[in-house]
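Residue-level structure breakdown
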Amino acid sequence: MVWSLQSLPELNDIEFERWGKLLEERAGIYMGDQQRVFLQTQVAMRMRELDFDSYSKYLDFVLDGVSGMLEWTRLIDRLVVKETSFFRHKESIDMVAQHLAKRLVDSHDSESFELWSVGCSSGEEPYSLAMVLNDAYKWVNKDPLYGITATDISRAALSLARTGIYNERKLERLDQNYRQRYFTTLDDGKYQVISSLRDRICFNQGNVLNISEMPVVKVDAIYCQNLLIYFKRWLRENIMNAFVERLKPGGILVIGLGEVVDWSHPKMKRISTEEVQAYVHI
Ligand SMILES: C[S@@+](CC[C@H](N)C(=O)[O-])C[C@H]1O[C@@H](n2cnc3c(N)ncnc32)[C@H](O)[C@@H]1O
């Protein structure tokens, strides 16, 4: 069959509802009317690759068995927004570094500092965090002792993240100082994060909706930005509550400014700053 994206009929209301329901149930992502064209285009592109001519038939295929599950992981890569950059919100990243620096100065504990970057996309966020954590240890003349777990639902984003390889454009706005100390230049002109930093990060595929199924490891900091905004309010709050259970006492939770409003938790105290939305576990 020969057809183009133009020749595919528009998603009708019933199909849009079915697709929207699937995305919300499986990934938490809410597709409003504004995202309808985006959803239609992305699904249609995949349908063209697989030679499907009906949204409903393709949806049935995605819902069916192991092959459907495999197809779902491919499709979700196209439906999530993966936009990210190094030091995307510098103030938040600096807050994590300050939190660690204070702990290193105040206490003599020799435990590793564990951080979880949730919705890490192609790695710029956890690598930025690794750079500042590394520096925090240097300031106090201690050998770096930290680990970062970085989770995302998109396998494609994680594959990129694991290489730690980025082109010039990605590094354009990165401070020269970080560029010089934490990247090597490859033969093809791209840049790679140095291995001592890469080795600190464990990238894994996971869905933030299934936190309860993830191994229970408590961490010192959770960093989750530009992910909760895609979820409905009740779901954002549920995820925030689940994050609390993953934090050690004294640990911090940093989210994007304004991504969750009017949320409070008896174990968490808001850190008072206007530029960063962060909470400490009391
Ligand atoms: C807009 S990016 C934000 C990346 C980074 N946190 C930042 O602020 O630059 C959102 C990321 O969340 C991921 N994501 C979306 N839904 C998810 C889910 N249910 N579980 C885990 N990750 C998810 C996407 O794949 C994407 O990489």
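Residues numbered from 1 in each chain as written. Predicted model: local features only at pLDDT ≥ 70, side-chain atom pairs only at ≥ 80, totals over all residues. Heavy atoms only, no water.

**Remarks on the overall build of the chain**
Quick note on the threshold: Think of it this way: any DSSP run of H or I at least four residues long counts as a helix, any run of E at least two long counts as a strand, and we number them from the N terminus. Our radius of gyration is a C-alpha quantity, and the globule rule it is checked against amounts to 2.2 Å times the number of residues to the power 0.38. Burial classes: relative accessible area under 20% of the type maximum marks a residue as buried, over 50% as exposed, and values in between as partly exposed (1.4 Å probe, protein chains only). The Shrake-Rupley method, run with a 1.4 Å probe sphere, supplies the accessible areas, and residue values consider only the shown protein chains as cover. Note that His is not counted, nor are the chain ends; the positive residues are Lys and Arg, and the negative ones are Asp and Glu. Here the site of a charge means atom NZ of a Lys, CZ of an Arg, CG of an Asp or CD of a Glu.
The number of helices and strands found in the chain is 11 helices and 10 strands. Taking 2.2 N^0.38 as the reference for a compact globule, 282 residues should give roughly 19 Å; the C-alpha atoms of the chain span a radius of gyration of 21 Å, in line with that estimate. Dimensions of the chain along its principal axes, counting C-alpha atoms only, are 65 × 55 × 35 Å. Relative to its 282 residues, the chain shows a buried fraction of 49%. Working note: accessible area of the chain is about 14500 Å², and carbon and sulfur atoms make up 51% of it. Seen as two clouds, the 35 positive and the 40 negative side-chain charges of the chain have centres 2 Å apart.

**As for the site of the ligand**
Rules: Being near a molecule or strand, for a residue, comes down to having at least one heavy atom within 4 Å of it. Polar contacts, as counted here, are pairs of nitrogen or oxygen atoms within 3.5 Å of one another; within protein the pair requires one atom able to donate a hydrogen and one able to accept it, and residues that are adjacent in sequence qualify only if both atoms are side-chain atoms. For this scheme, ten residues count as nonpolar: Ala, Val, Leu, Ile, Met, Phe, Trp, Tyr, Cys and Pro. Four count as charged, namely Asp, Glu, Lys and Arg, and the remainder, Gly too, count as polar.
Taken together, the neighbourhood of the ligand is formed by 21 residues, with Thr-84, Gly-119, Glu-125, Asp-152 and Asn-226 sitting nearest. With respect to the ligand, the backbone of Ile-153 contributes an N or O atom lying 3.2 Å from a nitrogen atom. Asn-207 places a side-chain nitrogen or oxygen 2.8 Å from a nitrogen atom of the ligand. Here the ligand, which alone exposes 610 Å², has 99% of that area covered by the protein. The residue makeup of the shell around the ligand, split by class, is 8 nonpolar, 8 polar and 5 charged.

**Considering the packing of helix H2 (residues 36-50) against helix H4 (residues 65-79)**
Our working rule: Every angle, taken between N-to-C directions, lies between 0 and 180 degrees, and every axis is a line fitted to C-alpha atoms, over only the stretch in contact when it is a helix. For classification, angles of less than 35 degrees are called roughly parallel, those exceeding 145 degrees roughly antiparallel, those between 65 and 115 degrees roughly perpendicular, and all remaining angles oblique. Crossings are classed by handedness, with left-handed meaning an anticlockwise turn of the near helix from the far one by less than a right angle and right-handed meaning a clockwise turn. Residue contacts follow a heavy-atom distance rule, with two residues in contact if any of their heavy atoms lie within 4.5 Å.
The N-to-C vectors of H2 and H4 enclose an angle of 140°; their axes lie 10 Å apart at closest approach. By the angle between their directions, the pair H2 and H4 is classed as oblique. Seen from above, H2 lies across H4 with right-handed handedness. Every residue of H4 that contacts H2 at Phe-38, Leu-39, Gln-42, Val-43, Met-45, Arg-46, Glu-49 and Leu-50 is listed here: Glu-71, Arg-74, Leu-75, Arg-78 and Leu-79. Looking at the contact of H2 with H4 residue by residue, the class counts come to 7 nonpolar, 1 polar and 5 charged.

**Some thoughts on the sheet that holds strand E5 (residues 191-193)**
For clarity, the cut-off: Pairing between two strands is assigned when DSSP locates at least 2 bridges connecting them.
Sheet architecture is open: 3 strands sit in the order E3-E5-E4, paired in antiparallel fashion. In this open sheet, the two strands that pair with only one neighbour each are strand E3 (165-166) and strand E4 (183-185). Pairing of E4 with E5, which is carried by 3 bridges, proceeds in the antiparallel orientation. Note on E5: the bridge partner recorded for Thr-185 is Tyr-191.

**Looking at the domain arrangement of the chain**
Accessible area lost during the coming together of the parts is what is often quoted as the interface size. Our working rule: Residue ranges for the domains trace back to a domain assignment, done automatically or taken from a database. Buried area is a sum: the accessible area each of two parts loses on coming together, probed at 1.4 Å, counted once for each and added. When a carboxyl oxygen of Asp or Glu is within 4 Å of a side-chain nitrogen of Lys or Arg, the pair counts as a salt bridge.
Considered domain by domain, the chain is made up of domain 1 (5-79) and domain 2 (90-281). Between the C-alpha centres of domain 1 and domain 2 there is a distance of 31 Å. Counting the surface lost from both domain 1 and domain 2, the interface buries some 800 Å², and carbon and sulfur atoms represent 56% of this. At the surface where domain 1 touches domain 2, the tally comes to 1 salt bridge. Where Glu-24 meets Lys-232, a salt bridge forms, and the shortest distance between an N and an O atom there is 3.2 Å. Counting across the domain 1 and domain 2 interface gives 6 residue pairs in polar contact (both at pLDDT 80 or more). Elements with a minimum of two residues in the side of domain 1 that touches domain 2: helix H1 (13-27) and H4. It is H1 that contributes the most residues to the side of domain 1 that touches domain 2, 4 residues altogether.

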